[in-house]
Amino acid sequence: MPDREMRTILLVDSSASILFYLGMLLKRLEYKVVTARSAEDALRMMEDSAPSLVLTELSLPQMSGVQFLKKIKDQARLQAIPVVVLT
């Protein structure tokens, strides 16, 4: 993976503790980390700047993780972003 300092990871999880601990670990590995507690928030964040990687759970409030993945893949500028699903 090229220059970690320039890589942004978007964490999407409804659990504040998961976001905190996983975010802390990734920051120690020198990644830039942004977080969202819902798919809707994550999509709004992705409108402004696309992350290098998305880590998400499937059990999200309001919009499910599966619906979130479909919305990402339906947008040409976002569909190449790798997504890892945490279960």
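As the structure is a computational prediction, the values presented were derived from the model and not from experiment. (Residues numbered from 1 in each chain as written. Predicted model: local features only at pLDDT ≥ 70, side-chain atom pairs only at ≥ 80, totals over all residues. Heavy atoms only, no water.)

Novice: Hey, could you go over the sheet that holds strand E4 (residues 83-86) for me, with residue numbers and the actual values?
Specialist: Ordered by their spatial adjacency, 4 strands build an open sheet running E2-E1-E3-E4, and the pairing between neighbours is parallel. Either end of the sheet is taken by a strand with one partner, and the two such strands are strand E2 (32-36) and E4. Adjacent strand axes in the sheet meet at a mean angle of 20°, parallel and antiparallel pairs treated alike. Relative to E4, strand E3 (residues 53-57) runs parallel, the two sharing 4 bridges. Each bridged residue has a counterpart across the sheet, and for Leu 55 the counterpart in E4 is Val 84. On the sheet, helix H1 (residues 16-28) packs against strand E1 (8-12), E2, E3 and E4 and is oriented at approximately 165° with respect to E1. (Pairing = 2+ DSSP bridges. Helix = DSSP H or I, 4+ residues; strand = E, 2+ residues; numbered from the N terminus. Axes fitted to C-alpha atoms, helices over the stretch in contact; angles between N-to-C directions. Contact = heavy atoms within 4.5 Å.)

Novice: So what about the pattern of salt bridges? Which residues, and what values?
Specialist: A complete count under the given rule lists 1 salt bridge for this structure. Between Arg 44 and Asp 41 there is a salt bridge, with the nearest N and O atoms lying 2.3 Å from each other. Taken together, the residues Arg 44 and Asp 41, both in helix H2 (residues 39-48) and 3 residues apart, mark about one turn of the helix. Judged by its relative accessible area of 31%, Asp 41 falls in the partly exposed class. (Salt bridge = Lys/Arg side-chain N within 4 Å of Asp/Glu carboxyl O. Buried < 20%, exposed > 50% of the residue type's maximum accessible area, 1.4 Å probe, protein only.)

Treat this as a map of the structure, not an account of what it does.
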